[in-house]
Amino acid sequence: MLTIHVEKTGDVAVVKCTGRLVRGAEVKRLRTAVVSENHMRMLMLDLSEVDALDAGGLTALLALRQWARERGVKMQLVNPSHYVQEVLQRTQLDHIFEVSRFDHALWVLSGAECQHARVGAAA
């Protein structure tokens, strides 16, 4: 079973997934939760509490990545569990996805990235 909790701060959506990200209802639930979010600049999928990931789950992550790219949304996988990280490495998808640590996600949510971007643009 997959539990999904969505928290939105400004134009950043954090989707916390807990449980099994596997083919079937879980994948559909994740897609619905993400696609239903409007006006986001960044999508952060918190996978720290995902304990199972199958081919259907990987396919869903790839589809969400494509969906986000088509809409100009930056997508990150945040703090993947050891199991998820291992699956990503074995399938070499760790080179496809942007993966970040939880402390980086907190930095982004604090607005530091937006402020940094504005400072860089002004220079």
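Scoring rules and cut-offs
For every chain, the first residue of its written sequence is number 1, and the numbers climb from 1 along that sequence. The predicted nature of this model means local features are confined to residues of pLDDT at least 70 and side-chain atom pairs, given and counted, to a pLDDT of 80 or more, with totals for whole chains, interfaces and linings taken over all residues. To obtain the side-chain values, all non-hydrogen atoms of the structure were included, while hydrogens and water were left out. Pairing between strands requires that DSSP locate at least two bridges from one strand to the other. Numbering goes from the N terminus for both helices and strands, where a helix is a DSSP run of H or I of at least four residues and a strand is a run of E of at least two. Residue contacts follow a heavy-atom distance rule, with two residues in contact if any of their heavy atoms lie within 4.5 Å. Each axis is a line fitted through C-alpha atoms, and for a helix only the stretch in contact is used; angles between axes span 0 to 180 degrees, taken between their N-to-C directions. Per-residue confidence from the predictor is given as pLDDT, running between 0 and 100. For salt bridges, the criterion is a side-chain nitrogen of Lys or Arg within 4 Å of an Asp or Glu carboxyl oxygen. Residue burial is assigned from relative accessible area. The probe radius is 1.4 Å, only protein chains are included, and a residue is buried under 20% of its type maximum, exposed over 50%, and partly exposed in between. For this analysis, a nonpolar core means a set of buried residues of the types Ala, Val, Leu, Ile, Met, Phe, Trp, Tyr and Cys, connected via side-chain atoms within 4.5 Å. Crossover handedness is defined by viewing with both strands directed away from the observer: a clockwise path from the first strand over the helix to the second marks the crossover as right-handed. Here a helix's expected span is defined as the number of its residues, less one, multiplied by 1.5 Å. Polar contact is defined as a pair of N or O atoms within 3.5 Å, subject to the rule that within protein one atom must be able to donate a hydrogen and the other to accept it, and that residues adjacent in sequence are counted only when both atoms are side-chain atoms.

Engineer: Describe the sheet that holds strand β2 (residues 12-21), listing the residues and the values that go with them.
Structural biologist: Taken together, the five strands give an open sheet; going across it, the order is β1-β2-β3-β4-β5, and neighbouring strands pair in mixed fashion. The outermost strands of the open sheet, each flanked by one partner alone, are β1 (2-9) and β5 (99-100). The strands touched by helix α2 (residues 55-70) are β2, β3 (42-53) and β4 (74-78); relative to β3, the strand with the most contacts, the crossing angle is about 180°. Contacts between helix α3 (residues 82-90) and the sheet are confined to β3, β4 and β5, with β3 contributing the most and set at about 100° to the helix.

Engineer: Before we move on, could you go through the confidence of the model for the chain and cite the residues and values that matter?
Structural biologist: Scored by pLDDT, the chain comes out at a mean of 86, with 82% of its residues at no less than 70. Note that pLDDT drops below 50 for residues 114-123; the model gives that stretch one contact with residues more than four away or on any other chain.

Engineer: So what's going on with the pattern of salt bridges? Residues and values would help.
Structural biologist: Under the counting rule described, the total for this entry stands at six salt bridges. Across the pair glutamate 86 and arginine 90 runs a salt bridge, and its minimum N-O distance is 3.1 Å. Highlighted residues: glutamate 86 and arginine 90, both in helix α3, separated by four residues, approximately one helical turn. The exposure class of glutamate 86 is partly exposed, given its relative accessible area of 29%. Of the residues examined, arginine 90 reaches a relative accessible area of 67% and is grouped as exposed.

Engineer: Explain the nonpolar core to me, using residue names and the numbers behind them.
Structural biologist: In terms of nonpolar packing, the biggest core is built from 28 residues, with Leu30, Val34, Leu45 and Leu61 touching the most fellow members. Broken down by secondary-structure element, the contributors of at least two residues to this core are β2, α1 (25-35), β3, α2, β4 and α3. Top contributing element to this core by residue count: α2, with six residues. Counting five residues, the second-largest nonpolar core is a separate cluster that includes Val12, Val14, Met42 and Met44.

Engineer: Describe the pairing of β2, with residues and values.
Structural biologist: Looking along a regular strand, one sees the side chains alternate between the two faces of the sheet. Most of β2 is tucked away, with seven of its 10 residues classed as buried. Between the antiparallel neighbours β1 and β2 lie two residues, among them glycine 10 with a positive phi of about 60°. Across nine bridges, β2 lies against β3 in parallel orientation. By the bridge assignment for β3, valine 14 is matched with methionine 44.

Engineer: Tell me about the pairing of β3, and please be specific about residues and values.
Structural biologist: Burial analysis of β3 places nine of its 12 residues in the buried class, which makes it a mostly covered element. With α1 bridging β2 and the parallel β3, this β-α-β connection has right-handed handedness. The pairing of β3 with β4 spans five bridges and is parallel. Looking at β4, one finds that methionine 44 is bridged to glutamine 76. On the question of chirality, the crossover connecting β3 to the parallel β4 by way of α2 is right-handed.

Engineer: Lay out α2 in plain terms, naming residues and giving numbers.
Structural biologist: Look at α2: 23 Å from first C-alpha to last across 16 residues, which is about the 22 Å you get at 1.5 Å a residue. Of the residues making up α2, those classed as buried are Gly56, Gly57, Leu58, Ala60, Leu61, Leu64, Trp67 and Ala68. Those residues of α2 that are buried lie in contact with β2, α1, β3, β4 and α3. Two or three places before glycine 56, at the opening of α2, aspartate 54 has a side-chain oxygen 3.0 Å from that residue's backbone nitrogen. Of the residues one or two after α2, glycine 72 is the one with positive phi, at around 70°.

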